[in-house]
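Working through the structure, step by step
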Amino acid sequence: MGEVASEETRKQSLVFAVNGVKFELSESDIDPSTTLLEFLRSQTPFKSVKLGCGEGGCGACIVLLSKYDPVLDQVEDSTVSSCLTLLCGLNGCSITTAEGIGNSKDGFHPIQERFAGFHASQCGFCTPGMCVSVFSALVNAEKSKRSEPRPGFSKLTVTEAEKAIAGNLCRCTGYRPIADACKSFAADVDMEDLGYNSFWKKGESDEEKMSRLPAYDRNSSSPKFPEFLKMEIKAGADLAAKGYHWYSPTSIEKLQSILQKNETENETPMKIVVGNTGMGYYKELEHYDNYVDLKHIPELSIIVKDQTGIEIGAAVTISKAIEVLKQENVGGFPLESKTVFKKIADHMEKIASGFVRNSGSVGGNLMMAQRKQFPSDIATILLPVDAIVNIMIGQKFEKLTLEEFLGGPPLESRAILLSIKIPSRELTKDISSETDTKFLFETYRAAPRPLGNALPYLNAAFLAEVSLSRNSTGATLNTCRLSFGAYASKHPIRARNVEELLIGKVLSVGLLYEAIKLLETTVIPKDGISHAAYKSSLAVGFLFEFLSPLVNTPDQISDGLCNGDNSSMLKDYNSKIKENSDGLNGTKFQTLLSSSKQNIQSGHDYPPVGKPVTKVGATIQASGEAVFVDDIPAPQNCLYGAFIYSTEPLARIKSISFKPRSPPVGVTALISVKDIPGKNLGCTSIFGEDPLYADEFAQFAGDRIALVVADTQKNADLAANLAMIDYDKENLNPPILSVEEAVERGSFFQFPPFFDPEQVGDFSKGMAEADCQILSAEIKLGSQYHFYMETNTALAVPDEDSNMVVYSSTQIPEITQETIAQCLGLPANNIRVITRRLGGSFGGKFLKAASVATACAVAAYKLQRPVRTYVNRKADMIMAGGRHPMKITYTVGFKDSGKITALKLDVLVDAGAFPDASIVIPGTIVGSLKKYDWGALNFDIKICKTNLPNRTTMRAPGELQAAFIAETIIEHVASTLSVEVDTVRSINLHTYNSLQFFYKSAAGEPMEYTLPAIWDKLATSSSFYQRTEMIQDFNRSSKWRKRGISRVPVLQEVSLKTAPGKVSILRDGSIVVEVGGIDMGQGLWTKVKQVAAYGLGLIKRGGTEELLEKVRVIQSDTLSLIQGGITGGSTTSESSCEAVRLCCNILVERLTSLKEKLMEQMGTLEWETLILQAYQTSVNLSASTLFIPEPASMNYLNYGAAVSEVEVNLLTGETTILRSDIIYDCGQSLNPAVDLGQIEGAYVQGIGFFMFEEYPTNSNGLVTANGTWSYKVPTLDTIPKQFNVEILNSRHLQKHVLSSKASGEPPLLLAVSVHCATRAAIVEARKQLGFWNGWNGVDDSNSTAFQLEVPAIMPVVKERCGLDSVEKFLQWTMGTK
Ligand SMILES: Cc1cc2nc3c(=O)[nH]c(=O)nc-3n(C[C@H](O)[C@H](O)[C@H](O)COP(=O)(O)OP(=O)(O)OC[C@H]3O[C@@H](n4cnc5c(N)ncnc54)[C@H](O)[C@@H]3O)c2cc1C
Ligand code: FES
Ligand code: FES
């Protein structure tokens, strides 16, 4: 340790507690770059902290961090993301993980039990993080001074409960049940609003409901801060080990001397940290040896409120700053200051999510903006209020305006931001003058998620002092400050030219127009930035929103909010602005889910099948005790792998090296194609073969080239990032990077004709019957990433005699086993693949998971050591391939009535470089496309081979795209005929006859065709026609917000599969069930368990409930149960259930004679007695079977329909889903709670595809949306505000498994209703724009003939509504005056 360190620091150990357990780490144990997550997962038994993203964007890793303040004798509790929190900064802290809240040994917490009972956990990967978020909200609400809540409830409010989880991602549930579980604790909840659960029955009183909820005890729910830690509380631990230093200076002087020493001794780079959340964005590859933690320097943690303003220390967290800025009564500030502070605080609440704001500092944010051009919100909103920053460079202290600070060159590394001051301000009123004056301050941000956890496309803050002459008709801006940021400029700017133009003039429409034109030339994103024009138009929209209520015109430009009375105009300004942002002239809606209804009946014919039995393992998922592949403790000597992939689309691989040193820390081996003992296979199946590693050539950007193996996953990931690949492209053809190029070069996959779907009817005849035709219209669709919360992972452990045990997160263990065996050149019986549960999959762990498992197996085989790989989110996103993009050209003929007579499609599917499962795509496209009666359907589907990542299955592969194609054609026909689109849909729904014509035997019996009934029922239950009229009224009166509504049907064909099952009864009567199907969150095990209880229950009338508790479904093991097949296509649950039912039949038959004999002897018979006797009389109590579906009934159709209503903000392009109503036919649901979860979850995932999830690539085809920062799956604040689902659950379907139907995929297709409703709203916006244009002589009569891209993200929607709509409107206003 150096001189300064020995003088200034107290060498000590790091002491903290996890779930009350003391951890004391000596200096030599700690690498200061270790995150809390790494420590918890590798050094403790607490595996509930999951790694979902590693960048603060998902919430899977959240813990509760408690700090004790000895002076106040208070404990501060807040959530933080453990993936970004550095361990060394936690001296004296207490950490609570989900296991610490409650667990199977000490008892579950009511949060965990309610998550289970509200069916709020599917795969369970997000659940521990969700539970910690709610727990923290409860703990903090209970500390508040609010009045005592009703008995059994907490002090939490419904809004707080929802906000608590707004930053957590869940890919399975669709959030509604999670929100209900959280809201069940809120004092102000209406029990009626809480959704379907297994606690109470419909119609029970509130008191009864309350009594059935797992009791919440307010007194025993708080975490106890360990007493032993209170003794340990010191400012922070200075640590030094193995050449590392972690400094925790407690004064400015100590900090100066540390910095000085580092500079003079020219030590390795030093990292200054507060919350370390910046690592989420800037994933520095550099390894720092020295860290300085600023949290313990009093000057950096100050909060000073005095008459001159509020000074906030740079190390103060954003959450603390919000709290301080919201404290209205402290400081005695004038109203203007309070307005500023409150609005800044409100805006700050949209930065990241609570768990990032709780540790991220204000200073860290500003320093990132200053040094690295981070698109900061704080910098933009503090710019117009003349904020001052205090900085220190060496021994020098400086005060700068924020503008100087941001505009200067990046500060040198030793520069420290000390504090930020927001000056107080007061409006100067001239009492003698003939004017009223007003102070105005507003902030704005347009981001994909309204509540935060998304960087803005653009943010802005405007401050103005306005005076209104009492005898003239207009407002004059005396002061005006306009700042804009986050639009890919170097830093936020003040639009001074616009300010100068506006100041001192009476605001008129003309002046506003002039200002906006000038602004367009000022806010210009730098070259090459996506959505550049959109960003500029946002600036215009925000300025318009700010100033328009001040413009006094007879035309009432902001929707009639100005009433001509200037003084009241100013008085009402704030409410007008609020109305502007809440919805001009619109009904206000809440940001979060406001209500939901579930109309569901349980089945009673096959008990306990049909009951909403809670998901197997839900509580241990909630406590984090459920074991995922990466939670399996690492075997001794375990090594870790990370993939090195190509960044070039087609290139010869010459060599791989590492920068700067070779090999990087901890690296043991580099495994590539030359290390494969058998065949180079990443997966092999009936679908085709994909290689494991590129041989001589990389075929696409993202192609696996090698696996770098190191001593830890972190070192392996770092090494993979440091890999440099030497490419050679000489004499190579250019890569094929589009389907058009594939066509030009004749690059297609050829699959056996067996897989080709059949053409339907006579296309030429249909066209001849048509009154109108649309010829060769085009649609393009992009990809979608699965975004399972657990990325692909595997652990391979070599065993004796060349055997290998592989734990894999795969949907298809059988194929994984086969692939590994062939790759290693071993017989398949040497390879045991074990899969217990997946943290989501959605098709992404179909064939892709096999390659990860195989890569581990090859490395483990070569090195003869266990090898594990947990693919990091970025690599996973780059290699995943995702959903198939496609280009569709269609020709359609139709009658004047809208009845379609013929449809022809040419589809070019981008399959990427290898076949994967693309062979199924033509069949799935056509299967789903046939949902309408097209008269005749003709198609040519080409599977293009490109130099892009091979696409794979993704929930409803091809079917989702087909649903969109079908609706686009219907919309096109409707707009061509100028007929209501819903009429065209209704006319083209199948009759039973046309259904048979299109689907043949899959059509089933006439009574099974429920779609027409669903279609009508939904119109009534959703008040479709009344709301359509109300929307028309709304749209007539609202200029800047438009609404749309849409009703769409779903009809999807699925196919039952062969499935094995095995049921064994143990001596004590407990039952073990094995099935081929994998539980990925879809509730397969739960349904299987119910069927096992039902099936074995047949031996003994009644008693099935009791048997349910005795059944355990166990992990899939390819050497125990063979022919496991594929889990996918929505029907594996049914098939597995049927296999289990058949096994139970066998066992019941074997037991029946014994049972009858014993009954005769004993009168009554307990299950345990029967089984014991069966053991003693050697009855074979293990039965296995392979269910093979009848060919005639293996295919069947699923039906449903949805109505969605949306509202589009024309200034920002934001779409809010106001309401969705779904009716879905589940036959007789095996478990309505599970099926409801599938319906809601699938629907929300579909919303992601249609509205949010942009998955772009660079010009090489390398995926650029490679993390939570750029890939935006839906969050709680983006799902429908009202979400109503009805499950039809009534009929006997003879040929189905216990009369059930599938629910996993078809509901996903219904999300197209949101897209169609958005299009309808945009049509209204375009009609209005056409009207404004028409005045200018540019008539836009083409308002309905346009295509809305997928996903319809904000920039797309805004573009379709008119990027220049504000300008056009102002021109029109000026022209008509
Ligand atoms: C998931 C996520 C989403 C986010 N979304 C947004 C958003 O929408 N809008 C927005 O504005 N921000 C957003 N942020 C950024 C967030 O506000 C910052 O990461 C946070 O404020 C940084 O504070 P910190 O204490 O963690 O800084 P650290 O990570 O500890 O430090 C960040 C950088 O600043 C330096 N530094 C820190 N403090 C000082 C100081 N006092 N003097 C000199 N150098 C210093 C560090 O050396 C480092 O280089 C997001 C962050 C995350 C992780
Ligand atoms: S893993 Fe930490 S927030 Fe995603
Ligand atoms: S249950 Fe939330 S991600 Fe699976």
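Right above here is the structure, for reference.
Note that the structure is a prediction, hence the values are computed from the model and not measured.

A closer look at helix α37 (residues 1132–1162)
Remark: the principal bend of α37, roughly 40°, maps to L1151. The first or second residue beyond α37 is G1163, which carries a positive phi of 85°.

A short note on the side chain of R1027
Inspection of the secondary structure puts R1027 in helix α34 (residues 1024–1037). Discounting residues that sit within four places of it in the chain, R1027 has contacts with S1022, I1045, V1203, E1205, R1219 and D1221.

A short note on the packing of aromatic side chains
On inspection of all chains with the given rule, the structure shows 45 aromatic pairs. Taking 5.6 Å as the distance between ring centres and 25° as the angle between the ring planes, the aromatic pair formed by W246 and Y291 counts as stacked. With W246 in strand β7 (residues 244–247) and Y291 in strand β9 (residues 290–293), this pair connects stretches of sequence that are 45 residues apart. Like W246, the residue Y291 is buried in the burial classification. Ring geometry for Y288 and Y291: centres 6.2 Å apart, planes at 70°, overall edge-to-face. One cation-aromatic arrangement involves K845 over Y788; the distance from NZ or CZ to the ring centre is 4.7 Å.

With respect to the site of ligand 1
Residues in close proximity to ligand 1 total 35 residues, the closest being I272, T277, G278, S361 and D377. For ligand 1, an oxygen atom lies 2.8 Å from a polar atom in the backbone of G278. Within the backbone of A352, one N or O atom sits 3.4 Å away from a nitrogen atom of ligand 1. Protein burial of ligand 1: of its 970 Å² of free accessible surface, 96% is covered by the chains. The element best represented in the shell around ligand 1 is helix α14 (residues 362–372), accounting for 5 residues. By residue class, the composition of the shell around ligand 1 is 20 nonpolar, 11 polar and 4 charged.

Conventions adopted
Residues numbered from 1 in each chain as written. Chains lettered and ligands numbered in written order. Predicted model: local features only at pLDDT ≥ 70, side-chain atom pairs only at ≥ 80, totals over all residues. Heavy atoms only, no water. Bend = angle between axes of the 7 residues up to and from the residue. Helix = DSSP H or I, 4+ residues; strand = E, 2+ residues; numbered from the N terminus. Contact = heavy atoms within 4.5 Å. Phe/Tyr/Trp six-rings, centres within 6.5 Å; stacked < 30°, edge-to-face > 60°. Buried < 20%, exposed > 50% of the residue type's maximum accessible area, 1.4 Å probe, protein only. Lys NZ or Arg CZ within 6 Å of the ring centre and 35° of its normal. Near = heavy atom within 4 Å. Polar contact = N/O pair within 3.5 Å; in protein donor to acceptor, adjacent residues only side chain to side chain. Areas by Shrake-Rupley, 256 points an atom, 1.4 Å probe, with all protein chains shown as cover. Nonpolar A, V, L, I, M, F, W, Y, C, P; charged D, E, K, R; others polar.

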